Amino acid sequence: HGRKRRLETARVGDVVVCSVKKGTQKWRKQVVKALIIRQTKEYKRTNGIRIGFEDNAAIIVNDKVEPQGSQIKGPVDREVINRYLHIGKFASFVV
C-alpha cells in the first residue's frame, strides 16, 4: 500500500541530490549532486560475483557528472568506471 510514492533506492553508479553535512564552510549546508562510488550492501555483478565495500562513499559532481575534487581516495567500483569513463582518471584504484 505504501509503495506508490516511494523513491527508488540508489545504487553504485547513480547520481543523487544530497546536502553536505561535514566539511569546510564553503561546502556545508549546500545542496549538491553526488555520484555513489561504493556501498556496503552486497550486490551481484553480471558475472555472478557478489561485492560489498567497507563503507559507503560518494563524490560531489557537477551537472555533466564531472568530479569537483582532484582525487578520489579509496577504491572505486568497476560499474562506475564503465558508465562514466572520465571518473577513472581520478580513481586511485578500481575494484
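Caption draft 1: Here's a closer look at the overall build of the protein chain. A count of helices and strands for the protein chain gives one helix and seven strands. Counting only C-alpha atoms, the protein chain reaches 45 × 40 × 25 Å along its principal axes. Counting over 95 residues, the protein chain shows a buried share of 29%. Look at the contacts in the protein chain between residues 6 or more apart in sequence, and 35% of them connect residues 24 or more apart. Counting every atom, the protein chain has about 7,500 Å² of accessible surface; 49% of that belongs to carbon and sulfur. Here the protein chain contributes 21 positively and 9 negatively charged side chains, and the mean placements of these two sets differ by 6 Å.

Caption draft 2: Quick peek at a positive patch on the surface. A grouping of R3, K4, R5 and R6 is seen on the molecular surface, where their side chains present a positively charged patch. By the element assignment, R5 lies in the segment before β1 (15-19). Residue classification places R5 among the exposed positions, given a relative accessible area of 83%.

Caption draft 3: Broad picture of the sheet that holds strand β5 (residues 57-61). With antiparallel pairing, three strands are arranged side by side in an open sheet as β1-β2-β5. The outermost strands of the open sheet, each flanked by one partner alone, are β1 and β5. Ignoring which end each strand starts from, the neighbouring axes of this sheet average 50° apart.

Caption draft 4: Quick look at the side chain of R38. Of note, R38 is situated in strand β2 (residues 31-38). A distance of 3.4 Å separates the side chain of R38 from the backbone oxygen of K73, its partner in a polar contact. Polar contacts involving the side chain of R38 include one to the main-chain carbonyl oxygen of P75, which spans 2.7 Å. Here R38 is in contact with V12, F53, D55, N56, A57, K73, G74 and P75, once residues within four sequence places are set aside.

Caption draft 5: Expanded view of the pairing of β5. The alternating pattern of β5 places A57, I59 and V61 on a buried face and A58 and I60 on a face that is not buried. Summarising the sheet, β2 and β5 pair through five bridges and their orientation is antiparallel. Within β5, the position partnered with K33 by the bridge is V61.

Caption draft 6: View of the side chain of D77. Positionally, D77 belongs in the loop between β6 (72-76) and α1 (78-83). On the basis of relative accessible area, D77 is assigned to the buried category, the value being 0%. Excluding residues that lie within four positions of it along the chain, D77 makes contacts with V12, I37, Y43, R45, F53, V94 and V95.

About the cut-offs
- Throughout, a residue's number is its position along its own chain's written sequence, starting from 1.
- The predicted nature of this model means local features are confined to residues of pLDDT at least 70 and side-chain atom pairs, given and counted, to a pLDDT of 80 or more, with totals for whole chains, interfaces and linings taken over all residues.
- The basis for every side-chain value is the complete set of non-hydrogen atoms in the structure, without hydrogens or water.
- Secondary structure follows DSSP: runs of H or I at least 4 residues long count as helices, runs of E at least 2 residues long count as strands, and numbering of each begins at the N terminus.
- Throughout this description, buried means an accessible area under 20% of the type-specific maximum (1.4 Å probe, protein chains only), exposed means over 50%, and partly exposed covers the range between.
- Residues are treated as being in contact if the distance between any of their heavy atoms lies within 4.5 Å.
- Each accessible area is a Shrake-Rupley estimate made with a 1.4 Å probe; only the visible protein chains count as cover when residues are assessed.
- Under the counting rule used here, the positive set is Lys and Arg, the negative set is Asp and Glu, and His together with the chain ends is not counted.
- Where a charge lies is defined by one atom per residue type: Lys uses NZ, Arg uses CZ, Asp uses CG and Glu uses CD.
- Patch building starts from residues that exceed 30% relative accessible area and form no salt bridge, then joins like charges within 9 Å and nonpolar side chains (Val, Leu, Ile, Met, Phe, Trp, Tyr) within 5 Å.
- What counts as a salt bridge is simple: a side-chain nitrogen of Lys or Arg found within 4 Å of a carboxyl oxygen of Asp or Glu.
- Between any two strands, at least two bridges found by DSSP are needed for them to pair.
- Lines fitted to the C-alpha atoms define the axes, with helices restricted to the stretch that makes contact. Angles between their N-to-C directions range from 0 to 180 degrees.
- Within 3.5 Å is the distance limit for a polar contact, defined as a pair of N or O atoms, with the added protein rule that one can donate a hydrogen and the other accept it, and that residues adjacent in sequence qualify only through two side-chain atoms.

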